[in-house]
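# Structural overview for review
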Amino acid sequence: MNRLHLIAGAVAAACALHVAHAQTTAKGAEPATVQANQAFSKTLPWSDERAFDDARRGFIAAVPGGKIEGKGQVPAWNMGAYAFLEKDQAPDTVNPSLWRQGRLNAINGLFKVSDGIYQLRGMDLSNMTVIEGKTGLIIIDPLLTAETARAGLELYYQNRPRKPVKTVIYTHSHADHFGGVKGVISEEDVKAGRVKVYAPEGFMDHAVAENVIAGNAMSRRATYQFGSLLPPGERGGVDAGLGKNLARGTLTLIAPTNYVNEKTRKLTLDGVDIEFMMAPGSEAPSEMMMYFPQHKVFDAAEVVTHNMHNLYTLRGAEVRDAVAWSRYIDAARLKFGDRAEVMIAQHHWPTWGTDRVDEMMRKQRDLYKFTHDQAVRLLNEGYKPDQIAETLKLPESQQATWSSHGYYGTLRHNARAIYQKYLGWYDANPAHLDPLPEVQEAKKQVEYMGGADAVIERARKDYAAGQYRWVASVMNQVVFADPSNKAARELGADAMEQLGYQSEAGTWRSAYLTGAQELRSGVPKLPSLNTLNDDTLRALSTGLFLDYLGVRLNADKAAGKHLVLNWDFTDTREKFVLNLENSALTYSEGRADPKADASFTLTRATLNEVILGKTTFPEVIKAGKAKVQGDPRKLGELMGMLDTFPASFPIVEPLQ
Ligand SMILES: [Zn+2]
């Protein structure tokens, strides 16, 4: 996952006060939903119950009540809110396959994987793995927040000898795998050389970069992907597929001291042998898997998990490389598969037994290759994205495998992503090249269909017949033509809700139920965010920061303006010339323009304080922390042309 902006967005969203509202308005399952879920249940491999044994095996202890306190009144984590999942049988309002995944992801606590390897599971979206070295601990992926990671380590110490943490390994650049690092180690320990932090090559560039430029949109959309505004419950949040949800605590980051960068690099850390295998550009731009030969344990990071993962994430992201992903899985299988007695990952539960590890890796390898190849085959035969999504079905061998099911990614949206990767948004039909904008299109459609009342009347019949996909779509037209049409909003919400109740994917359920909630209650007022904190801002390169200013530039306000500003950062020894011209902000590095309107000399650390809102430019200039030559008002002029992005914007209704 991942995800700084989006995590922060989801966290903030979860703290908003809208949560209680939905429970009262969410409705029950319609007969068509009951029927659909029952029919789907009959296709599922229920006789295979091994995952429950795997998920419970080695259980040692759990946090009482599953609750971890956070900074404020909202707990950082509360598995107790999911106690409703104790029932074996899925209620009518939850897809039975998702219910099963939700039950598996609810099994939480400290678990022994093998002698010397333990996992904290179900204490955040991700897992924290603890390896016992000769003199200290190696922690793999310290969860998303400091609060949950600290609680995880504490639970471990309550049950195992209190050895100090001497090494942290980040498997990849997503925040749910590093954000809790300050809950298990301190920056001082790292600076003093008492603790080493290992990460795959490129980690620091990607840890922050992946979500900066489009971060505001991603964080708003993430509330739909994770359902972070939904109350947990049979008619609300059940599971995100990959785990329960995002913890709501403090996101931290400590820069790696050591990078792993060979194709497979062998290291011995505190007496523990580790064989690394790099997997860049698979589930994350910077990612690695690892094998522990003394323990015969393979850690697949997030490359192999108990679901079909996302080639495209619904929060919005670049499409991932399905072929490379598949290849990495097979390379790991060939290298470690016949030696691994257990496969663990940084989400979900382990798989025991060499044969089963091999079987699962082959299934996962083929899952991504199948999706890629079949989608490409169909697009070459002229199929459009919607037809590809509608046509593709997993082979029976995969349908009979729980871990190939789409709880997080889905075949339908991943298949569309393959089209997008190769051919982009345009399907080559000129009728789709420049259609009317959404609202105008909707108004025309509704007018041609005889007006809103006539459309709603017909849609009610289709709703009664269980045509929820169509009703959600056509009510969307009526709402976009007239967002104040309450009947259309209600009927559209009802249809989305039934679609949510039928969805096998936690992400799709979250999206539909959040859409329904917002059709009923409107756009939530989310607290505005400063998505960057001290730790993450330090990891943000100056160039990327300047790029981010560029995407905030309001072209109309910048019209006709020409500004040149020199920047000299004395601590990082970086120089930039920032140029505004033709309503575009560009920069060049390593030089100064003698004709600049103004030149600023300061430290990057001071700039960070300004960005965080701890101080302002006039204040730092006054305090002598920044030196200016030329006209300092030019900077104020530029800042006045930058937009501030809203924390929430409409999604299921038009932007006014
Ligand atoms: Zn993850």
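Secondary structure assignment for the protein yields 25 helices and 21 strands. Seen along its three principal axes, the alpha-carbon backbone of the protein occupies a region of about 75 × 70 × 50 Å. Counting over 656 residues, the protein shows a buried share of 57%. As displayed, the protein offers around 27,100 Å² of accessible surface, 51% of which is attributable to carbon and sulfur atoms. Computing the positive centroid from 75 side-chain charges and the negative centroid from 77, the protein places the two 2 Å apart.

Glancing now at unusual backbone geometry. Located in the positive-phi region is L143, a residue other than glycine, with phi close to 55°. Among the structural elements, L143 can be located in the loop between β7 (137-140) and α6 (146-159). A relative accessible area of 0% places L143 in the buried class. Phi is positive for N582, close to 55°, though the residue is something other than glycine. Inspection of the secondary structure assignment puts N582 in the loop between β18 (574-581) and β19 (584-589).

Another point: the coordination of the zinc ion. Each protein donor to the zinc ion is listed here as D176 (OD), H177 (NE2), E302 (OE) and H347 (NE2); together their distances run 2.0 to 2.1 Å. Bound by four donor atoms, the zinc ion shows angles of 85 to 177° at the metal and therefore irregular coordination geometry. Along the chain, the residues that donate to the zinc ion are spaced as D-H-x124-E-x44-H. Residue H177 is located in the loop between β8 (165-169) and α7 (187-191), and its partner E302 is located in the loop between β14 (297-299) and α10 (322-337); the two are separated by 125 residues in the primary sequence.

A word on the pairing of strand β11 (residues 266-269). On β11, burial follows the alternation: L267 and L269 on one face are buried, whereas K266 and T268 on the facing-out side are not. The pairing of β11 with strand β12 (residues 272-278) spans four bridges and is classified as antiparallel. Across the sheet, L269 pairs through a bridge with V272, a residue of β12.

Our focus in this paragraph is the confidence of the model for the protein. Overall, the prediction assigns the protein a mean pLDDT of 94, with 95% of residues at 70 or greater. Low pLDDT (under 50) marks residues 1-23, which in the prediction has 83 contacts with non-local residues, meaning those over four places away or in another chain.

This model, assessed by the stated rule, comprises 22 aromatic pairs. Aromatic side chains W567 and F569 sit 6.0 Å apart centroid to centroid with 10° between the ring planes, which places their arrangement in the stacked category. The buried category is assigned to W567, whose relative accessible area is 7%. Judged by its relative accessible area of 2%, F569 falls in the buried class. Note on F576 and Y587: the rings are 5.6 Å apart at their centroids and 75° apart in plane angle, and the pair reads as edge-to-face. With F576 in strand β18 and Y587 in strand β19, this pair connects stretches of sequence that are eleven residues apart. For F576, a relative accessible area of 1% corresponds to the buried category. By relative accessible area, Y587 is classed as partly exposed at 30%. Members of the aromatic cluster, joined through ring pairs, are W567, F569, F576, Y587, F600 and F617. Looking at R100, its charged tip hangs above the ring of W402, at a distance of 3.8 Å from the centre. Looking at K244, its charged tip hangs above the ring of Y82, at a distance of 5.2 Å from the centre.

Now for the packing of α10 against helix α11 (residues 354-380). Contact pair α10 / α11: the axes reach a minimum separation of 8 Å and the direction vectors enclose 160°. With respect to α11, the element α10 is oriented roughly antiparallel. Our pair here, α10 against α11, has a crossing hand that is left-handed. In this structure, α10 uses A322, V323, W325, S326, I329, D330, A332, R333 and G337 to contact α11, whose residues at the interface are T354, D358, M361, R362, Q364, R365, Y368, K369 and H372. Among the residues forming the contact of α10 with α11, the class breakdown is seven nonpolar, five polar and six charged.

Thresholds applied
- Here the residue numbers are simple positions, counted from 1 along each chain's written sequence.
- A pLDDT threshold of at least 70 governs which residues receive local features in this predicted model, and a stricter bar of 80 or more applies before side-chain atom pairs are shown or counted, although totals over entire chains, interfaces and linings include all residues.
- The basis for the side-chain values is all heavy atoms of the structure; hydrogens and waters are excluded.
- Think of it this way: any DSSP run of H or I at least four residues long counts as a helix, any run of E at least two long counts as a strand, and we number them from the N terminus.
- Buried, partly exposed and exposed residues are distinguished by accessible area as a fraction of the type maximum, computed with a 1.4 Å probe on protein chains only: under 20%, between the cut-offs, and over 50%, respectively.
- Areas reported as accessible are Shrake-Rupley estimates using a 1.4 Å probe. Residue values count occlusion only from the protein chains shown.
- In this tally, Asp and Glu contribute negative charge and Lys and Arg positive charge; neither His nor the terminal groups of the chain are included.
- To locate a charge, take NZ of a lysine, CZ of an arginine, CG of an aspartate or CD of a glutamate.
- For Na, K and Ca the donor cut-off is 3.2 Å; for every other metal, N, O and S atoms count as donors within 2.8 Å. Water does not enter the count, which can leave sites looking incomplete.
- Site shape is set this way: if four donors have all angles between 85 and 135 degrees, tetrahedral; if opposite donors are over 155 degrees apart and all others between 65 and 115, square planar for four donors and octahedral for six; otherwise irregular.
- Here, strands pair whenever DSSP counts at least two bridges between them.
- The pLDDT value expresses, per residue, how confident the predictor is, ranging between 0 and 100.
- Only heavy atoms matter for contacts: two residues are in contact if any of them lie within 4.5 Å across the pair.
- For this analysis, a ring pair means two rings from Phe, Tyr or Trp (six-membered ring only for Trp) whose centres lie within 6.5 Å, classed as stacked if their planes differ by under 30 degrees, edge-to-face if by over 60, and tilted for the remaining angles.
- Working rule: Lys NZ or Arg CZ, within 6 Å of ring centre, within 35 degrees of ring normal, means a charge sits over the ring.
- Angular values range over 0 to 180 degrees, each being the angle between N-to-C directions of two axes fitted as lines to C-alpha atoms, with helices fitted over their stretch in contact.
- The scheme is simple: roughly parallel for angles under 35 degrees, roughly antiparallel for over 145, roughly perpendicular for 65 to 115, oblique for anything else.
- The hand of a helix crossing depends on one turn: near helix anticlockwise from the far one by less than a right angle means left-handed, and clockwise means right-handed.
- Here the nonpolar group is Ala, Val, Leu, Ile, Met, Phe, Trp, Tyr, Cys and Pro; Asp, Glu, Lys and Arg are the charged ones; every other residue, Gly included, is treated as polar.

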